[in-house]
Amino acid sequence: MASVRQVQVTFDCTEPERVARFWCEVLGYVVPPPPAGFASWEDFDRTLPPEQQGSAFACVDPAGAGPRLFFQRVPESKVVKNRVHLDVRAGTGLVGDERVAVLEAEGGRLAALGATRVQLLRADGVNESCLVMQDIEGNEFCLD
């Protein structure tokens, strides 16, 4: 039997640090400390060749439970719907109008950070309500 492995979720994006800091705010994640010998990530970044500066950034769950999120610069913009997305568990255990109110409140907080509201999907008897959103570079995610 295979052992359980840790995973890292990687985002292709235009501005890695900006997108990483957005997700830190969404999830309560933090930026990990810079490599040994560097006072800051900016100091480390300046040691890279110019074409690699600003090309990657990461954030982590301070409790160590969630996966590391890695953001890498790519030359092309997002053009189609994500095949994989994050579900941010904002309304766990809630149903009906109470759940929708919590999703709407969290959606408002994230919109203030630059997220875009796409669509509220109401409960259908099988699935509970969720709020489809996009991050600051258009990557879809759900508040559920």
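Rules used throughout
Residues numbered from 1 in each chain as written. Predicted model: local features only at pLDDT ≥ 70, side-chain atom pairs only at ≥ 80, totals over all residues. Heavy atoms only, no water. Core = buried A, V, L, I, M, F, W, Y, C linked by side-chain atoms within 4.5 Å. Buried < 20%, exposed > 50% of the residue type's maximum accessible area, 1.4 Å probe, protein only. Helix = DSSP H or I, 4+ residues; strand = E, 2+ residues; numbered from the N terminus. Contact = heavy atoms within 4.5 Å. Expected span 1.5 Å × (residues − 1). Pairing = 2+ DSSP bridges. Axes fitted to C-alpha atoms, helices over the stretch in contact; angles between N-to-C directions. Parallel < 35°, antiparallel > 145°, perpendicular 65-115°, else oblique. Left-handed = near helix turned anticlockwise from the far one by under 90°. Nonpolar A, V, L, I, M, F, W, Y, C, P; charged D, E, K, R; others polar.

Chemist: What is the right way to look at the nonpolar core in this model?
Modeler: Inside soluble globular proteins, nonpolar side chains tend to come together where they are buried. Counting 25 residues, the largest nonpolar core has Trp-23, Phe-71, Phe-141 and Leu-143 as the members making the most contacts within it. Mapped onto this core, the elements with two or more residues apiece are strand 1 (8-13), helix 1 (16-27), strand 2 (56-59), strand 3 (68-73), strand 4 (86-88), helix 3 (96-112), strand 6 (130-134) and strand 7 (140-143). Here this core gets six residues from one element, more than from any other, and that element is helix 1. Leave out the neighbours within four places in its chain, and Leu-143 touches Val-88, Ala-90, Leu-103, Glu-106, Gly-107, Leu-110, Cys-130, Leu-131 and Met-133.

Chemist: In this structure, what is going on with helix 1? I would like to understand it.
Modeler: For the α-helix, the turn length of 3.6 residues means that residues three or four positions removed from each other point alike. Taking 1.5 Å as the rise per residue, helix 1 with twelve residues should run 16 Å; its terminal C-alpha atoms sit 16 Å apart, in good agreement. Packed against the buried residues of helix 1 are strand 1, strand 2, strand 3, strand 4, helix 3 and strand 7.

Chemist: What should I look at first to understand the sheet that holds strand 1 in this one?
Modeler: Hydrogen bonding along the main chain pairs the strands of a sheet, whether they run parallel or antiparallel. Ordered by their spatial adjacency, three strands build an open sheet running 1-3-2, and the pairing between neighbours is mixed. Two strands lie at the open edges of the sheet, namely strand 1 and strand 2, each paired on one side alone. Averaged over all adjacent pairs, the angle separating strand axes in this sheet is 20°, with direction ignored. Two strands pair when backbone bridges link them, and strand 1 and strand 3 are joined in this way by six bridges, in the parallel orientation. Across the sheet, Cys-13 pairs through a bridge with Arg-73, a residue of strand 3. In the packing of helix 1 onto the sheet, contacts are made with strand 1, strand 2 and strand 3, and the angle to strand 3 comes to roughly 155°.

Chemist: Quick question: what am I supposed to make of the packing of helix 1 against helix 3 here?
Modeler: Two packed helices can be described by the angle between their axes and the distance between those axes. At a minimum axis distance of 10 Å, the contact between helix 1 and helix 3 shows a crossing angle of 155°. Judged by the angle between their axes, helix 1 and helix 3 are roughly antiparallel. Of the two possible hands of crossing, helix 1 and helix 3 adopt the one that is right-handed. Between helix 1 and helix 3, the residues in contact are Phe-22, Glu-25 and Val-26 and Glu-106, Arg-109 and Leu-110, respectively. Among the residues making up the contact of helix 1 with helix 3, the classes are represented as three nonpolar, no polar and three charged.

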